[in-house]
Amino acid sequence: MIKLIRSKVEAELQAFVGTEAYIHSEATSFVFVRNFKVKVTHAFIAGEGPFRAALRFDGHGWLRMEALTHYEVDANGRLLLAGYDDRGRMNVALHLGKEPFPE
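Residues numbered from 1 in each chain as written. Predicted model: local features only at pLDDT ≥ 70, side-chain atom pairs only at ≥ 80, totals over all residues. Heavy atoms only, no water.

This brings us to the environment of Leu79. Within the element layout of this structure, Leu79 appears in strand 7 (residues 79-84). On a C-alpha basis, the gap between Leu79 and Leu96 in space is 5.2 Å, while along the polypeptide they are 17 residues apart. Aside from chain neighbours lying at most four places away, what touches Leu79 is Glu12, Leu13, Phe16, Tyr71, Glu72, Val73, Leu94, His95 and Leu96. (Helix = DSSP H or I, 4+ residues; strand = E, 2+ residues; numbered from the N terminus. Contact = heavy atoms within 4.5 Å.)

Here we take up the sheet that holds strand 1 (residues 2-3). Read from one edge to the other, the open sheet built from eight strands follows the order 1-6-7-8-2-3-4-5, with strand pairing classed as antiparallel. A strand with exactly one partner marks an edge of an open sheet, and here the two such strands are strand 1 and strand 5 (61-68). Sheet analysis places strand 1 next to strand 6 (residues 70-73), joined by two bridges and oriented antiparallel. Bridge assignment links Ile2 to a residue of strand 6, and that residue is Tyr71. With respect to the sheet, helix 1 (residues 6-14) is in contact with strand 3 (31-46), strand 4 (51-57), strand 6, strand 7 and strand 8 (90-97), its orientation differing from that of strand 3 by roughly 110 degrees. (Pairing = 2+ DSSP bridges. Axes fitted to C-alpha atoms, helices over the stretch in contact; angles between N-to-C directions.)

Turning our eyes to something else, we now look at the pairing of strand 4. Where burial is concerned, most of strand 4 is hidden: five out of the seven residues are buried. In terms of strand pairing, strand 3 meets strand 4 through six bridges, oriented antiparallel. Following the sheet pairing, Ala46 is matched in strand 4 by Arg52. Joining the antiparallel neighbours strand 3 and strand 4 is a turn of four residues, in which Gly47 adopts a positive phi near 105 degrees. When strand 4 meets strand 5, the two strands line up antiparallel, connected through six bridges. By the bridge assignment for strand 5, Phe57 is matched with Gly61. Connecting the antiparallel pair strand 4 and strand 5 is a turn made up of three residues, with Asp58 showing a positive phi of about 55 degrees. (Buried < 20%, exposed > 50% of the residue type's maximum accessible area, 1.4 Å probe, protein only.)

Below, the structure is given as structure tokens:
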């Protein structure tokens, strides 16, 4: 993964708007969601680093992740966002893909 570049991630997020996507999201010790299928209607990224991303889905629900620091687009076209602390430990993750993530 590389350091998050807001303009690049914003463009990648916008590519999911208007489409059905599978979401993997987790926050260490708090939340774990895998293969939640939604239709993304809005996507935003904000902050100066660490960043926060918000997705609106099906026109009536939101998912927001904070403390994002890194990203990657993998060989399958999935957008992988993660937040790492100052010791290199992942604290949050938000992944979007057109196909289900492996179980």
